Every structure is written in C-alpha cells, then in structure tokens.
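Letter by letter, the chains look like this.
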Amino acid sequence: MMASDDLGGDRASQSGPKVTLITVSYNSEHTIRDTIESVVEQDYPAIEYLIVDGASTDGTMDIVDRYRHQVAGIISEPDAGLYDAMNKGIARATGDVVAMINSDDVYARPTVISELVSEMERTSADIVFADLLMVDRDDLQSVRRYYDSSRFRPGRLRFGWMPAHPTMLVKRTLYERVGPFDLAYEIAADFEMVVRLFSVPGVTYAYRRSPVIRMRQGGVSTRGLKSSWTLNREIVRACRANGIWTALPLLGFKVPLKLLEFIQRPSEMVA
C-alpha cells in the first residue's frame, strides 16, 4: 500500500464547504493525466483530492507521483474492483461534500466545482447533479452524446433512469447514512447507491443545467449485449431490494429518451 501524507493537495483551509474529489484508477496511464489536470485546475479553494489505485501494473502511478504535491491522499493496493475502491475513497474522505471523477473523465471547465457548490448552497440541497458529455476516447472535444439529467425524478428510478453519477455532489453525511457501495453488484452498484441515496426520507436535491463532465466512451456498462443484460437485471434487483417495484419491460421506456441524447444538440454542448 502506498499512502501520501503530503496534504499539499488539500485546499480546505479556505472558505466554503470542503469538497473531497475521488479518482479511482487501474492501468489508466493513457488518460489519468487529463483527469488530474482537470482537477488541479479547478478554481474552488477548498478541495481535498484523493486517488485510489488498484495496484496498476502500467505507468499510472508514475504519472500520479508527478502530482503528489497536489494530491491530499494516494492509495495504491489491490482491491475488489471499481466500487471497492470508491468505498475506500469515501472512507478516507474528510470533506463536507464528496464527488467521484473517473480516471478517464475530465471536468468540462475550471469552474465546475464552484458552480456545483454554489448550487448546493443556494438550494440547501443534499445532492446536486448536472449534465454530462460523452466524448470520443481519442478526442475530448468530439461529443457523441449529451446525457441530460434534467429528466430525472426519484420516481423514474423504476425505469432505470438516474442522474449522471459522475456529476453528483453528495453530502458526506448522506453517504455515511446509507453505507458503502454494494460489491454484490457487478455493473450497477452506482445505480443501487443512487437508489439508496434518493430513498432517504427527506433527502433534497437540485439540478444544474450545464454539462460538467466530459466522459470518454467505452465504460463497462456499454460493452455489448451481455453487459446491457447484466446491467438491466441488476437495475431491477437494486430497485426491488430498496422497496421500488419494477420489471425488465419497464426499463424499455427509457430507450427513446436515451436515443434522443445522440441527436440533440443543445447550445451547452459546446461549453
């Protein structure tokens, strides 16, 4: 295990709620530099940045080490996958608010965290989320799909509809209340977590209409029919496990809206 005791990346002494940003990585040498750069460029003054690596065997940690003075905590050790690493990050977090940014994603601009925190403070929300741009893996400016989170309502979880998870800022006390990601889910542990978060009595949320993340295409949940089948079965399981009735046929209602995301071109798409 490698851990950084250098808190040079912790800017929490400044005003405003402290925000912990967590990047989970494994063999991400081709993309993680872009991710880290997009984090350290954020203009929000109170950021704690944690990187949780699954004992990468490529050059990922060589790149991470170059930014050690800008990262509050680094863990590199074997884990049980993506969601296990996320749990480690949340357990280590000391911020008032927590957000995840994957090792192949980038923030759309340096003001993203400031914008989302401002929305959270303005609305006194427990959760804030926004829109996401899915981009070409080799060209971050080439937008393939606009993930519109504005259509989300908690009642639509039964249809498999969730806000874009990488855009979410969540109060750490809420994560502590619902517990860790459930490692029994192969693909949909993030969906199951969202179900639990929005099932907390009295939870409040706010939406900001703006694309805040550029996500490279090619995630595990989009890798062919087998992954889609697994994902949808896990969505049904997640809903039922948390008291929301649904069935596989109901998930089909989200397909037309998903298809629209490939053809719509809102002005924010080029933000």
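This one's a predicted model, so the numbers in the text were calculated from it and none came from an experiment.

Rules of the game
Residues numbered from 1 in each chain as written. Predicted model: local features only at pLDDT ≥ 70, side-chain atom pairs only at ≥ 80, totals over all residues. Heavy atoms only, no water. Helix = DSSP H or I, 4+ residues; strand = E, 2+ residues; numbered from the N terminus. Buried < 20%, exposed > 50% of the residue type's maximum accessible area, 1.4 Å probe, protein only. Contact = heavy atoms within 4.5 Å. Areas by Shrake-Rupley, 256 points an atom, 1.4 Å probe, with all protein chains shown as cover. Polar contact = N/O pair within 3.5 Å; in protein donor to acceptor, adjacent residues only side chain to side chain. Salt bridge = Lys/Arg side-chain N within 4 Å of Asp/Glu carboxyl O. Pairing = 2+ DSSP bridges. Phe/Tyr/Trp six-rings, centres within 6.5 Å; stacked < 30°, edge-to-face > 60°. Core = buried A, V, L, I, M, F, W, Y, C linked by side-chain atoms within 4.5 Å.

A. Just the overall build of the protein, in detail. Within the protein, the regular secondary structure consists of 9 helices and 10 strands. Counting across all 271 residues of the protein, residues that qualify as buried make up 55%. If you take every contact in the protein between residues at least 6 apart in sequence, the share linking residues at least 24 apart comes to 77%. Approximately 11,800 Å² of the protein is accessible, and the part contributed by carbon and sulfur atoms is 53%.

B. Unusual backbone geometry, seen in detail. Notably, Ala55 is not glycine yet its phi reads approximately 65 degrees, a positive angle. What makes Ala55 partly exposed here is its relative accessible area of 27%. Residues other than glycine seldom take positive phi values, yet Ser124 does so here, at roughly 55 degrees.

C. Geometry of the environment of Arg109. With respect to the element layout, Arg109 can be found in the loop between strand S6 (105-107) and helix H4 (112-123). For Arg109, the side chain forms a polar contact with the main-chain oxygen of Pro211, separated by 2.9 Å.

D. Expanded view of the pattern of salt bridges. A complete count under the given rule lists 15 salt bridges for this structure. Each of Arg109, Glu115, Glu119, Arg122 and Arg208 takes part in a single network of salt bridges with overlapping partners.

E. Main features of the pairing of strand S7 (residues 127-136). Burial of S7 is extensive: 9 of the 10 residues sit out of reach of the surface. Pairing geometry for S7 and strand S9 (residues 169-171), over 2 bridges, is antiparallel. Note that in S9 the partner of Ile127 across the bridge is Val170. Sheet topology note: the S7/strand S10 (residues 205-216) ladder contains 9 bridges and is parallel. By the bridge assignment, Asp131 is partnered in S10 with Pro211. Across 5 bridges, S7 lies against strand S8 (residues 139-147) in antiparallel orientation. Across the sheet, residue Leu132 finds its bridge partner in S8, namely Tyr147. Hairpin connection of S7 to S8: 2 residues between the antiparallel strands.

F. Layout of the packing of aromatic side chains. Taken as a whole and judged by the stated rule, the model has 8 aromatic pairs. Centroid distance Phe129 to Tyr205: 5.8 Å. Interplanar angle 20 degrees. Geometry classified as stacked. Here Phe129, found in strand S7, pairs with Tyr205, found in strand S10; they are 76 residues apart in sequence, far enough to count as distant. Taking 5.9 Å as the distance between ring centres and 40 degrees as the angle between the ring planes, the aromatic pair formed by Phe129 and Tyr207 counts as tilted. Placement of Phe129 in strand S7 and of Tyr207 in strand S10 is noted, with a sequence separation of 78 residues between them. Feature note: the residues Phe129, Phe152, Phe198, Tyr205 and Tyr207 constitute an aromatic cluster, connected by ring pairs.

G. Focus on the nonpolar core. Ranked by size, the top nonpolar core spans 81 residues in total, and within it Leu21, Tyr107, Ile127, Phe191, Leu197 and Phe198 carry the most contacts. Here this core takes 7 residues from helix H6 (residues 189-199), the largest share from any one element. Filtering out sequence-adjacent residues up to four positions away, Phe198 remains in contact with Ile127, Phe129, Phe152, Pro154, Leu157, Pro163, Met168, Val203 and Tyr205. Listed in part, the 6 residues of the second largest apolar core include Val106, Leu140, Val143 and Tyr146.

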